[in-house]
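If you want the building blocks of each chain, they are given just below.
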Amino acid sequence: MSVHFSDRLSSRLRSVQAVVAFTGAGISAESGVPTFRGKEGIWKAMRPEELASMDAFLRDPSLVWGWYSQRRAIIQSVQPNDGHRALVEMEALFGGLPVITQNIDNLHRRAGSSTVHELHGNIERNYCLRCGAMAGAEVLLKEGRPTCVRCGGLVRPDVVWFGELLPEDAWDASLHAAGSADLFLSIGTSGIVYPAASLPLHAKRSGAFLVEINPEPTPLTSSADEFLQGSAGTVLPALAALARRVRGEASEEGGKNHP
Ligand code: BJW
Ligand code: ZN
């Protein structure tokens, strides 16, 4: 499938210095990780608003832990896809490409992106609500309840639930990256969960050219400078190929001026 890019985007790609990617569940969909919402979302029977909160966890720790266990098993069995890899390729082309992700699946790091700001935590980490100890996989299940091996307290995944603050370091770094971007790519997110969803418009207001990549329009689409309708696994490799072409041409032209 060929992807159409405007001349405006091509000339931006040629001259940009700071490119930043902002990703949501859609970039991992082609790896086999289900999204939350949208056509491919398979958690419709269990809406994230009903499971991803402290109230839900305290009401039924086994149910919420079970949801995360199921998702952890999926995530551990899949691989990064062409979309994740294209961002790594563009990182090399642009001399850096911070990835701000809402995903907890680690796939950007596994693909090789070197700067990843995780806004909503990471499913590989857990911590005890009573003693604060961090835990990896070493969590006891007592009648389905995740229990701390040190103190017997309740263990939760180290992710950000509704009503909780985002990790300060990741948020500050993301605000800074978005505010300094020349080109901001919003990829595979429904753009409805705040404060993460404010980043594309923050980037645009700070002067970035805003590109959205998604098979479906979202509330962000009307504000995007360019909407590339399609899947991340198709559009991002095509964008990387275009960047390679125009940056290659740009450096050859530059070379002509410097004998
Ligand atoms: C493809 C594709 C392909 C498919 N290629 N694309 C009222 C108004 C405004 C805000 C609020 C409000 N009431 C409450 C709030 C605040 C709340 C919020 O935003 N709620 C909204 C839902 C209304 N936010 C919070 O509570 C946040 N904290 C906060 O605000 O703190 C301040 C505060 C403190 C105290 C009290 C009150 C406020 C925290 C939000 C945490 C969100 N956590 C989750 C779970 C994380 C852990 C986990 O994974 O389990 O984060 S919820 C879930 O949604 C997850 C995701 O990161 C997040 C966003 O979802 P995402 O990534 O966009 O996925 P989808 O499924 O929605 O979209 C996928 C997209 O991909 C679709 O568009 C597809 O088309 C597309 N796609 N295939 C490319 N191949
Ligand atoms: Zn403990």
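Nothing here was measured: the structure is a model prediction, and the numbers come from that model.

Reading the values: the criteria
Residues numbered from 1 in each chain as written. Chains lettered and ligands numbered in written order. Predicted model: local features only at pLDDT ≥ 70, side-chain atom pairs only at ≥ 80, totals over all residues. Heavy atoms only, no water. Near = heavy atom within 4 Å. Polar contact = N/O pair within 3.5 Å; in protein donor to acceptor, adjacent residues only side chain to side chain. Areas by Shrake-Rupley, 256 points an atom, 1.4 Å probe, with all protein chains shown as cover. Helix = DSSP H or I, 4+ residues; strand = E, 2+ residues; numbered from the N terminus. Nonpolar A, V, L, I, M, F, W, Y, C, P; charged D, E, K, R; others polar. Domains from an automatic or database assignment. Pairing = 2+ DSSP bridges. Contact = heavy atoms within 4.5 Å. Buried area = accessible area lost by both parts, 1.4 Å probe. Buried < 20%, exposed > 50% of the residue type's maximum accessible area, 1.4 Å probe, protein only.

### Examining the site of ligand 1
Looking at ligand 1, there are 35 residues lining it, with Arg 37, Tyr 68, Gly 163, Thr 189 and Ser 190 nearest. Thr 189 places a polar side-chain atom, nitrogen or oxygen, 2.6 Å from an oxygen atom of ligand 1. Ser 190 places a side-chain nitrogen or oxygen 2.5 Å from an oxygen atom of ligand 1. Protein contact buries 76% of the 1500 Å² of open area that ligand 1 shows by itself. Elements that contribute at least two residues to the shell around ligand 1 include exactly helix 2 (26–29) and helix 5 (61–77). The element that contributes the greatest number of residues to the shell around ligand 1 is helix 5, accounting for three residues. Residue composition of the shell around ligand 1, grouped by class: 18 nonpolar, eleven polar and six charged. Two domains each donate at least three residues to the shell around ligand 1, and these are domain 1 (1–32 + 78–120 + 166–259) and domain 2 (34–77 + 123–159).

### Section: the sheet that holds strand 4 (residues 121–128)
The three strands are arranged 5-4-8 in an open sheet whose pairing can be described as antiparallel. The open sheet terminates on both sides in strands that have one partner only, identified here as strand 5 (134–135) and strand 8 (155–159). In this sheet, strand 8 lies alongside strand 4 in antiparallel orientation, the contact comprising four bridges. By the bridge assignment, Cys 128 is partnered in strand 8 with Val 155.

### As for the domain arrangement of the protein
What the domain assignment reports for the protein is domain 1 (1–32 + 78–120 + 166–259) and domain 2 (34–77 + 123–159). Computed over C-alpha atoms, the centres of domain 1 and domain 2 are 29 Å apart. The interface of domain 1 with domain 2 comprises 15 residues on the first partner and 15 residues on the second. Carbon and sulfur atoms make up 56% of the area that domain 1 and domain 2 hide from each other, which totals about 1100 Å². When residues of domain 1 are sorted by the area they lose upon contact with domain 2, Ala 25, Val 78 and Ile 104 head the list and together hold 41% of the total.

### A few points about unusual backbone geometry
Cis geometry is adopted by the peptide bond preceding Pro 195, which originates at Tyr 194 and carries an omega value of 5°. Structurally, the position occupied by Pro 195 is in the loop between strand 9 (183–187) and helix 9 (199–205). The backbone of Asn 106 sits at a positive phi, close to 70°, despite the residue not being glycine. With respect to the helices, strands and loops of the structure, Asn 106 is situated in the loop between strand 2 (99–101) and helix 7 (107–111). Classification of Asn 106 as buried rests on a relative accessible area of 13%. For Glu 143, which is not glycine, the phi dihedral falls at a positive 50°.

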